[in-house]
Amino acid sequence: MKKITVLTMFPEYFDSFLNGVLVQRARTKGICQIRVVDIRDYAEGSYRHLDDSPCGGGPGMIMKCEPVIAALRANKTEQTRSYIMDPGGQTLSQKLVHDLSKEDDLLLLAGHYEGLDERIYEECDGCLSIGDYILSGGELAAQVIIDSIIRLQEGVLANDSTVEESFETDRLEYPQYTRPVDFEGRKVPDVLLSGNHAMIENWRLAKAYLRTEQMRPDLIAKKPMTKAEEKALRLFDKK
(Lines give C-alpha, C1' and ligand atoms only; values in the text may rest on other atoms or scores of the structure.)
Protein backbone atom coordinates (compact mmCIF):
# COMPACT_ATOMS: atom_id res chain seq x y z
CA MET A 1 0.00 0.00 0.00
CA LYS A 2 1.26 3.44 -0.93
CA LYS A 3 1.50 5.84 1.99
CA ILE A 4 1.18 9.61 1.62
CA THR A 5 1.44 11.97 4.59
CA VAL A 6 0.61 15.67 4.42
CA LEU A 7 1.83 18.14 7.03
CA THR A 8 -0.34 21.24 7.14
CA MET A 9 -1.56 24.05 9.36
CA PHE A 10 -5.06 23.64 7.94
CA PRO A 11 -6.11 19.97 7.89
CA GLU A 12 -9.73 21.00 7.30
CA TYR A 13 -8.73 21.98 3.75
CA PHE A 14 -8.50 18.26 2.98
CA ASP A 15 -11.93 17.19 4.27
CA SER A 16 -13.74 17.27 0.92
CA PHE A 17 -10.65 16.25 -1.04
CA LEU A 18 -10.30 12.99 0.90
CA ASN A 19 -13.92 12.16 0.11
CA GLY A 20 -13.54 12.67 -3.64
CA VAL A 21 -14.39 9.71 -5.85
CA LEU A 22 -10.89 8.65 -6.91
CA VAL A 23 -9.22 9.34 -3.58
CA GLN A 24 -11.97 7.55 -1.69
CA ARG A 25 -11.75 4.58 -4.08
CA ALA A 26 -7.99 4.32 -3.58
CA ARG A 27 -8.38 4.47 0.19
CA THR A 28 -11.30 2.02 0.34
CA LYS A 29 -9.49 -0.52 -1.84
CA GLY A 30 -6.38 -0.28 0.30
CA ILE A 31 -4.36 1.05 -2.63
CA CYS A 32 -3.26 4.22 -0.86
CA GLN A 33 -3.23 5.46 2.72
CA ILE A 34 -3.41 9.23 3.12
CA ARG A 35 -2.72 10.86 6.47
CA VAL A 36 -3.23 14.57 7.11
CA VAL A 37 -1.25 15.80 10.10
CA ASP A 38 -1.81 19.11 11.89
CA ILE A 39 1.56 20.80 12.42
CA ARG A 40 0.08 22.73 15.36
CA ASP A 41 0.08 19.47 17.34
CA TYR A 42 3.86 19.83 17.49
CA ALA A 43 3.93 23.50 18.56
CA GLU A 44 4.64 24.41 22.17
CA GLY A 45 2.86 26.94 24.34
CA SER A 46 -0.80 27.62 24.95
CA TYR A 47 -1.18 29.51 21.65
CA ARG A 48 0.81 26.96 19.61
CA HIS A 49 2.39 29.62 17.42
CA LEU A 50 3.93 28.39 14.18
CA ASP A 51 5.26 31.68 12.86
CA ASP A 52 7.63 34.46 13.82
CA SER A 53 9.08 37.60 12.24
CA PRO A 54 12.15 37.13 9.99
CA CYS A 55 15.59 37.71 11.45
CA GLY A 56 17.09 40.84 9.93
CA GLY A 57 13.67 42.34 9.33
CA GLY A 58 11.42 42.21 6.31
CA PRO A 59 7.75 41.77 5.41
CA GLY A 60 5.52 38.92 6.47
CA MET A 61 6.01 36.07 8.89
CA ILE A 62 8.12 32.92 8.65
CA MET A 63 7.18 29.39 9.72
CA LYS A 64 9.28 28.43 12.72
CA CYS A 65 11.70 25.54 12.45
CA GLU A 66 11.05 23.85 15.83
CA PRO A 67 7.43 22.71 15.37
CA VAL A 68 7.76 21.95 11.67
CA ILE A 69 10.92 19.90 12.08
CA ALA A 70 9.36 18.09 15.05
CA ALA A 71 6.38 17.19 12.83
CA LEU A 72 8.68 16.04 10.04
CA ARG A 73 10.77 13.82 12.28
CA ALA A 74 7.73 12.29 13.95
CA ASN A 75 6.05 11.36 10.66
CA LYS A 76 8.79 10.00 8.44
CA THR A 77 11.22 7.10 8.43
CA GLU A 78 14.40 6.36 6.51
CA GLN A 79 12.23 5.11 3.65
CA THR A 80 10.16 8.31 3.41
CA ARG A 81 10.75 10.76 0.59
CA SER A 82 9.82 14.22 1.88
CA TYR A 83 9.05 17.29 -0.22
CA ILE A 84 8.14 20.89 0.53
CA MET A 85 5.48 22.55 -1.62
CA ASP A 86 7.47 25.51 -2.90
CA PRO A 87 7.27 27.67 -6.08
CA GLY A 88 11.04 27.32 -6.42
CA GLY A 89 10.87 23.53 -6.50
CA GLN A 90 10.97 21.06 -9.36
CA THR A 91 8.00 21.80 -11.61
CA LEU A 92 5.44 19.02 -11.77
CA SER A 93 5.28 17.13 -15.05
CA GLN A 94 3.77 13.83 -16.06
CA LYS A 95 7.21 12.24 -16.01
CA LEU A 96 7.77 13.49 -12.47
CA VAL A 97 4.32 12.23 -11.47
CA HIS A 98 5.29 8.77 -12.72
CA ASP A 99 8.50 8.93 -10.69
CA LEU A 100 6.63 9.99 -7.55
CA SER A 101 3.99 7.31 -8.09
CA LYS A 102 6.68 4.66 -7.71
CA GLU A 103 7.59 5.83 -4.21
CA ASP A 104 5.97 3.78 -1.44
CA ASP A 105 6.20 6.43 1.27
CA LEU A 106 5.79 10.15 0.50
CA LEU A 107 5.53 13.14 2.79
CA LEU A 108 4.34 16.52 1.50
CA LEU A 109 4.82 19.66 3.58
CA ALA A 110 2.38 22.48 2.85
CA GLY A 111 3.91 25.78 3.89
CA HIS A 112 2.25 29.11 4.66
CA TYR A 113 3.06 32.75 5.41
CA GLU A 114 5.97 34.50 3.72
CA GLY A 115 8.14 31.41 3.78
CA LEU A 116 9.80 28.72 5.87
CA ASP A 117 12.84 28.84 8.11
CA GLU A 118 15.73 27.70 5.93
CA ARG A 119 16.60 24.89 8.35
CA ILE A 120 13.32 23.17 7.46
CA TYR A 121 14.54 22.69 3.88
CA GLU A 122 17.59 20.90 5.22
CA GLU A 123 15.30 18.25 6.73
CA CYS A 124 13.60 17.39 3.43
CA ASP A 125 14.62 15.63 0.23
CA GLY A 126 13.49 18.38 -2.09
CA CYS A 127 10.80 20.81 -3.19
CA LEU A 128 7.91 20.48 -5.63
CA SER A 129 6.07 23.19 -7.56
CA ILE A 130 2.89 23.00 -9.64
CA GLY A 131 3.75 26.13 -11.64
CA ASP A 132 5.31 29.55 -11.73
CA TYR A 133 2.78 31.39 -9.60
CA ILE A 134 2.13 31.99 -5.91
CA LEU A 135 -0.63 30.41 -3.82
CA SER A 136 -1.69 31.40 -0.32
CA GLY A 137 -0.47 28.04 0.93
CA GLY A 138 0.80 24.64 -0.16
CA GLU A 139 -2.42 22.71 0.46
CA LEU A 140 -3.79 23.05 -3.07
CA ALA A 141 -0.42 22.08 -4.53
CA ALA A 142 -0.29 18.99 -2.32
CA GLN A 143 -3.79 17.99 -3.46
CA VAL A 144 -2.83 18.36 -7.12
CA ILE A 145 0.20 16.13 -6.59
CA ILE A 146 -1.75 13.50 -4.64
CA ASP A 147 -4.52 13.38 -7.25
CA SER A 148 -2.03 13.00 -10.11
CA ILE A 149 -0.26 10.17 -8.28
CA ILE A 150 -3.35 8.28 -7.17
CA ARG A 151 -4.90 8.07 -10.63
CA LEU A 152 -1.81 6.18 -11.85
CA GLN A 153 -2.15 3.47 -9.20
CA GLU A 154 -3.36 0.13 -10.49
CA GLY A 155 -7.00 -0.45 -9.63
CA VAL A 156 -8.00 3.21 -9.36
CA LEU A 157 -8.84 3.80 -13.03
CA ALA A 158 -9.46 1.43 -15.92
CA ASN A 159 -6.17 -0.24 -16.87
CA ASP A 160 -5.76 1.56 -20.19
CA SER A 161 -7.53 4.85 -19.47
CA THR A 162 -4.36 6.84 -18.76
CA VAL A 163 -2.27 5.56 -21.67
CA GLU A 164 -3.44 8.07 -24.30
CA GLU A 165 -3.94 11.08 -22.05
CA SER A 166 -2.26 14.41 -22.66
CA PHE A 167 1.44 14.57 -21.71
CA GLU A 168 1.84 10.79 -21.48
CA THR A 169 3.59 10.91 -24.89
CA ASP A 170 4.58 14.60 -24.93
CA ARG A 171 1.52 15.29 -27.05
CA LEU A 172 -1.81 16.85 -26.20
CA GLU A 173 -4.80 14.57 -26.58
CA TYR A 174 -6.58 14.39 -29.93
CA PRO A 175 -10.12 15.89 -30.29
CA GLN A 176 -12.94 13.77 -28.89
CA TYR A 177 -16.61 13.58 -29.93
CA THR A 178 -19.81 11.88 -28.84
CA ARG A 179 -23.47 11.94 -29.95
CA PRO A 180 -25.24 13.74 -31.55
CA VAL A 181 -23.32 13.24 -34.79
CA ASP A 182 -24.61 16.59 -36.08
CA PHE A 183 -24.96 19.50 -33.64
CA GLU A 184 -26.03 22.81 -35.21
CA GLY A 185 -24.28 21.82 -38.42
CA ARG A 186 -21.04 20.88 -36.68
CA LYS A 187 -20.52 17.22 -37.46
CA VAL A 188 -18.40 14.43 -36.03
CA PRO A 189 -15.58 13.73 -38.54
CA ASP A 190 -16.57 10.94 -40.94
CA VAL A 191 -13.44 8.92 -40.17
CA LEU A 192 -14.56 8.40 -36.56
CA LEU A 193 -17.79 6.83 -37.81
CA SER A 194 -16.13 4.68 -40.46
CA GLY A 195 -15.26 1.68 -38.32
CA ASN A 196 -11.79 1.69 -39.92
CA HIS A 197 -9.62 1.48 -36.80
CA ALA A 198 -6.33 1.96 -38.65
CA MET A 199 -7.58 5.18 -40.23
CA ILE A 200 -9.02 6.35 -36.91
CA GLU A 201 -5.65 5.79 -35.25
CA ASN A 202 -3.89 7.79 -37.97
CA TRP A 203 -6.45 10.59 -37.68
CA ARG A 204 -5.89 10.75 -33.94
CA LEU A 205 -2.11 10.79 -34.33
CA ALA A 206 -2.33 13.61 -36.85
CA LYS A 207 -4.76 15.68 -34.83
CA ALA A 208 -2.81 15.20 -31.60
CA TYR A 209 0.35 16.41 -33.32
CA LEU A 210 -1.35 19.43 -34.91
CA ARG A 211 -3.06 20.41 -31.66
CA THR A 212 0.25 20.17 -29.79
CA GLU A 213 2.02 22.16 -32.51
CA GLN A 214 -0.57 24.91 -32.19
CA MET A 215 -1.01 25.04 -28.42
CA ARG A 216 2.24 23.68 -26.97
CA PRO A 217 5.10 24.03 -29.49
CA ASP A 218 7.54 23.51 -26.63
CA LEU A 219 6.47 19.86 -26.52
CA ILE A 220 7.17 19.52 -30.24
CA ALA A 221 10.65 20.92 -29.67
CA LYS A 222 11.11 18.44 -26.85
CA LYS A 223 10.03 15.47 -28.97
CA PRO A 224 10.23 15.90 -32.75
CA MET A 225 7.75 14.35 -35.16
CA THR A 226 7.81 10.55 -35.23
CA LYS A 227 7.63 8.44 -38.39
CA ALA A 228 4.10 7.35 -37.42
CA GLU A 229 3.03 10.99 -37.06
CA GLU A 230 4.64 11.87 -40.39
CA LYS A 231 2.64 9.09 -42.06
CA ALA A 232 -0.56 10.20 -40.33
CA LEU A 233 -0.08 13.81 -41.40
CA ARG A 234 0.28 12.74 -45.01
CA LEU A 235 -3.14 11.11 -44.74
CA PHE A 236 -4.84 13.95 -42.87
CA ASP A 237 -3.66 17.46 -43.66
CA LYS A 238 -4.28 20.54 -41.53
CA LYS A 239 -7.79 20.91 -42.89
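The name an unreviewed UniProt entry assigns to the protein chain is tRNA (guanine-N(1)-)-methyltransferase, from the organism Grylomicrobium aquisgranensis. Regarding the protein chain, the UniProt comment filed under Function (unreviewed entry) reads as follows: "Specifically methylates guanosine-37 in various tRNAs." Its UniProt record gives the protein chain the following Catalytic activity (unreviewed entry) comment, quoted word for word: "guanosine(37) in tRNA + S-adenosyl-L-methionine = N(1)-methylguanosine(37) in tRNA + S-adenosyl-L-homocysteine + H(+)".

Our next topic: the packing of aromatic side chains. Aromatic rings considered in pairs are described by the distance between their centres and by the relative angle of their planes. Using the criterion set out here, one finds two aromatic pairs in the structure. Between Phe10 and Tyr13 the ring centres are 5.1 Å apart and the planes differ by 10°, which places this aromatic pair in the stacked class. On the basis of relative accessible area, Phe10 is assigned to the partly exposed category, the value being 21%. Arranged with centres 6.3 Å apart and planes meeting at 80°, the rings of Phe14 and Phe17 form a pair that is edge-to-face. The burial state of Phe14 is the same as that of Phe17; both residues are buried.

This next bit is on unusual backbone geometry. Residue Pro180 is bonded to the preceding Arg179 through a cis peptide linkage, with omega at 10°. Tracing the sequence through the fold places Pro180 in the loop between helix 6 (139-150) and strand 9 (182-183). One non-glycine residue with positive phi stands out, namely Glu184, at about 55°. Looking at the secondary structure, you find Glu184 in the loop between strand 9 and strand 10 (186-187).

By size, the foremost hydrophobic cluster in this structure holds 26 residues, and its most contacted members are Met85, Leu100, Leu108, Leu128, Ile146 and Ile150. Aside from chain neighbours lying at most four places away, what touches Ile146 is Ile4, Val6, Phe17, Ile34 and Leu108. Ranked by size, the runner-up nonpolar core spans 18 residues in total, among them Val68, Leu72, Leu109 and Cys124.

The feature "binding site: S-adenosyl-L-methionine" (unreviewed entry), as annotated in UniProt, sits at Gly111, Ile130, Gly131, Asp132, Tyr133, Ile134 and Leu135 in this numbering. Assignment of secondary structure puts Gly131 in the loop between strand 8 (126-129) and helix 6. By secondary structure assignment, the location of Ile134 is in the loop between strand 8 and helix 6.

Moving on to the pairing of strand 6 (residues 105-110). Burial of strand 6 is extensive: six of the six residues sit out of reach of the surface. Taken together, the five bridges between strand 1 (residues 2-8) and strand 6 define a ladder with parallel strand orientation. Paired with Leu7 across the strands is Leu109, a residue of strand 6.

Here the focus is helix 4 (residues 94-101). When we look at burial in helix 4, the residues that qualify are Gln94, Leu96, Val97, Leu100 and Ser101. Seen end-on, helix 4 carries its buried residues on one side only, within an arc spanning 155°. Buried residues in helix 4 make contact with strand 1, strand 5 (81-91), strand 6, strand 8 and helix 6.

Rules behind the numbers
Residues numbered from 1 in each chain as written. Predicted model: local features only at pLDDT ≥ 70, side-chain atom pairs only at ≥ 80, totals over all residues. Heavy atoms only, no water. UniProt positions renumbered as here; feature names shortened; annotations may be inferred. Phe/Tyr/Trp six-rings, centres within 6.5 Å; stacked < 30°, edge-to-face > 60°. Buried < 20%, exposed > 50% of the residue type's maximum accessible area, 1.4 Å probe, protein only. Helix = DSSP H or I, 4+ residues; strand = E, 2+ residues; numbered from the N terminus. Core = buried A, V, L, I, M, F, W, Y, C linked by side-chain atoms within 4.5 Å. Contact = heavy atoms within 4.5 Å. Pairing = 2+ DSSP bridges. Arc of directions from axis to C-beta.

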